[in-house]
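Chain by chain, the residues:
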Amino acid sequence: MPGLENLPPFPDDVPTHPLLVVDYELLLKRDQTEIDTLWKAATELGFWYLKNHGVDAEVDQMFEMGAETMRLPLEEKMKYEQGDEGMSFGYKAAGANATDENGTLDTVEFINVAKDDALAWPGKVHRDYPPTVNARMESTIKPFVQKSLAVNYTLLDILGERLGLPKGALEKRHTLEEPSGSEARCIKNPPRPGGISEEKAAIGAHTDFGSLSFLHNRLGGLQVMVPGTSEWQYVKPIPGHAICNLGDAMAIFSGGILRSNLHRVVPPPKEQGNYERWSLVFFTRPGNSVILRPLSDESPMIAEAVAKLPPGKYDTNSTSKDWFARRIKNQRIKNRTGPETWRASRGTEHQPSAY
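A quick note: this is a predicted structure, and the numbers were derived from the prediction, not measured.

Reading guide: rules and limits
Residues numbered from 1 in each chain as written. Predicted model: local features only at pLDDT ≥ 70, side-chain atom pairs only at ≥ 80, totals over all residues. Heavy atoms only, no water. Helix = DSSP H or I, 4+ residues; strand = E, 2+ residues; numbered from the N terminus. Contact = heavy atoms within 4.5 Å. Areas by Shrake-Rupley, 256 points an atom, 1.4 Å probe, with all protein chains shown as cover. Lys, Arg positive; Asp, Glu negative; His and termini not counted. Charge placed at Lys NZ, Arg CZ, Asp CG, Glu CD. Phe/Tyr/Trp six-rings, centres within 6.5 Å; stacked < 30°, edge-to-face > 60°. Lys NZ or Arg CZ within 6 Å of the ring centre and 35° of its normal. Salt bridge = Lys/Arg side-chain N within 4 Å of Asp/Glu carboxyl O. Buried < 20%, exposed > 50% of the residue type's maximum accessible area, 1.4 Å probe, protein only. Polar contact = N/O pair within 3.5 Å; in protein donor to acceptor, adjacent residues only side chain to side chain. Core = buried A, V, L, I, M, F, W, Y, C linked by side-chain atoms within 4.5 Å. 1 Å grid on protein atoms, 1.4 Å probe; cavity = no way out; pocket = protein on both sides within 12 Å on 5 of 7 lines; lining within 4 Å. Points joined across faces, edges and corners; volume = space filled by probe spheres on them. Nonpolar A, V, L, I, M, F, W, Y, C, P; charged D, E, K, R; others polar. Pairing = 2+ DSSP bridges. Axes fitted to C-alpha atoms, helices over the stretch in contact; angles between N-to-C directions.

## Section: the overall build of the protein chain
A tally of regular secondary structure across the protein chain gives eleven helices and twelve strands. Dimensions of the protein chain along its principal axes, counting C-alpha atoms only, are 55 × 50 × 45 Å. Of the contacts formed within the protein chain by residues at least 6 apart in sequence, a portion of 79% connects residues at least 24 apart. Summed over all atoms, the accessible surface of the protein chain reaches about 14,400 Å², with 52% contributed by carbon and sulfur. Where the 41 positive side-chain charges of the protein chain centre and where its 47 negative ones centre are 3 Å apart.

## Some thoughts on the packing of aromatic side chains
The full count for this structure, using the stated rule, is three aromatic pairs. Between the NZ or CZ atom of Lys92 and the centre of the ring of Phe110, over which it lies, the distance is 5.3 Å. A cation over an aromatic ring shows up here: Arg326 above the ring of Trp323, its NZ or CZ 4.5 Å from the ring centre.

## Looking at the pattern of salt bridges
Under the criterion given, the structure shown has 25 salt bridges. As a salt-bridge pair, Arg162 and Asp36 come within 2.8 Å of each other at their nearest N and O atoms. Here the residue Arg162 occupies a position in helix H7 (residues 137-162), and Asp36 occupies one in helix H2 (residues 32-44), the gap between them amounting to 126 residues. In this structure Asp36 comes out as partly exposed when scored by relative accessible area, which is 36%. For Arg136, the salt bridge identified is with Glu64, shortest N-O distance 3.0 Å. Placement of the pair is Arg136 in the loop between helix H6 (131-134) and H7 and Glu64 in helix H3 (residues 56-70), with a sequence separation of 72 residues. A residue is classified by how much of its surface remains accessible, and Arg136, at 14% relative accessible area, is buried. A single salt-bridge network, built from bridges that share partners, covers Lys77, Glu109, Lys188 and Glu276.

## Let's talk about the side chain of Arg173
Within the secondary structure, Arg173 is located in the loop between H7 and strand S5 (183-189). Here the side chain of Arg173 touches Glu298 through a polar contact of 2.7 Å, side chain to side chain. The residues touching Arg173, leaving out its near neighbours within four places in the chain, are Phe253, Pro286, Gly287, Val290, Arg293, Leu295 and Glu298.

## Some details on the nonpolar core
Membership of the largest hydrophobic core comes to 64 residues, with the highest contact counts inside it found for Leu27, Trp48, Leu50 and Ile141. Among the elements that line this core, the one with the most residues is H7, at eleven residues. Filtering out sequence-adjacent residues up to four positions away, Leu27 remains in contact with Val22, Glu34, Ile35, Leu38, Leu50, Leu155 and Ile158. Of all hydrophobic cores here, the second largest spans 15 residues; its members include Leu19, Ile187, Val281 and Phe283.

## Here we look at the layout of surface pockets
Estimated volume of the largest pocket: approximately 340 Å³. What lines the largest pocket is a set of 21 residues, among which Asn217, Arg218, Ile238, Pro239 and Gly240 lie closest to the centre.

## Section: empty space enclosed by the protein
Take a probe with the size of a water molecule and roll it over the atoms, and the empty space left behind shows itself. In total, this model carries three cavities of 30 Å³ or more according to the counting rule given. Roughly 40 Å³ of volume is contained in the second largest cavity. What lines the second largest cavity is simply Ala98, Asp100, Glu101, Gly103, Asn330, Gln331, Arg332, Ile333, Arg336, Gly338, Thr341 and Trp342. For the lining of the second largest cavity, the class distribution of residues is three nonpolar, five polar and four charged.

## Here we look at the environment of Gly210
Structurally, Gly210 is set in the loop between strand S6 (203-206) and strand S7 (212-217). Taking the relative accessible area as the measure of exposure, Gly210 reaches 6% and is therefore buried. A C-alpha to C-alpha distance of 8.0 Å links Gly210 and Ser182, two positions 28 residues apart in sequence. Look past the residues within four positions of Gly210 in its chain and what remains in contact with it is Gly247, Asp248, Ala249, Met250, Thr284, Arg285 and Pro286.

## Details of the pairing of strand S2 (residues 47-51)
The buried fraction of S2 is high, at four of five residues. Relative to S2, strand S1 (residues 21-23) runs parallel, the two sharing three bridges. Pairing of Asp23 across the sheet is with Lys51, part of S2. One ladder, built from five bridges, connects S2 with strand S10 (residues 241-246); its direction is antiparallel. From the neighbouring strand, Tyr49 faces S10, where its bridge partner is Ile243.

## Describing the sheet that holds S1
Think of a sheet as strands paired side by side through backbone hydrogen bonds, with each pair either parallel or antiparallel. Spatially, S1-S2-S10-S7-S12-S5-S4-S3 is the arrangement adopted by the eight strands of the open sheet, whose pairing is mixed. Whereas interior strands pair on both sides, the edge strands pair on one side only; in this sheet they are S1 and strand S3 (90-92). If you compare each strand with its neighbour and ignore which way they point, the axes differ by 25° on average. Strands S3, strand S4 (109-114), S5, S7 and strand S12 (277-284) of the sheet are contacted by H3, whose axis makes an angle of about 115° with S12.

Structure, rendered in structure tokens:
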């Protein structure tokens, strides 16, 4: 990531929402206090910082891969565009997605590499990628995917146990072998001096599609809507700390015990807005054939939570693949017919104020 050492700090006078800090090394030792902290974060906001995760070197290399890819001519990148049929893997140009029900265009470009393609390399499961991606698949992308999966599998194991699920119940819905929407994404957002109006988000308000997101960024821009409020608050990047959050699938599997929270991306505040904003995420998503439904039959805790909800609240009658494709497809501006298209792309916490 160019010029990393010269980036200005996050301004002290911009309000932020503090996240709980979870120590991954302590989670590996199954430290009960640390597990309690993770559980509090997962059930109240669905976001937390993760330190000592051991992936920083791979993150730096992934940013280099992203920069190499974004420097390619647009004509070359568009050969690998994700398209309008609900596939996420590949390149997405700026302005290809809507950020709200009015059809406001997004400002980010990114490259998504499927977990399945990275692990199968030099084989292919889903699609071809730009040459800059292929050149880094073995040395950079595959190690990042493997380490990110290890982190997220640890989190799945711990959260599954706290939910009262049988050992491996969540892991078997996220097997390495079954194709899924799991992917690594490197995102570039251009400088936006002077900030942005509330209506002009770089990435619109959304809940994440899958199970767990493992995010790395250097500049501000991520905002969360804290439950019970209608205000957006920045999340401050902290060096050496990833930001983790839960997605729709975990909210559904848990019958709403775990929170998939609304968030969005706006330009970084103040002086940081003069710089390109780069971010990197690994998304863990359930296997394509997995039905998204509460696991009430496997956990009394989940069954009790579901019993208190309106009937069928989390019964999606959808596979993970179809849920994911619906959300991707209906964000694409070329598929827009009106406000209903954007609404059809929403997840588990769509509220009108976030449209």
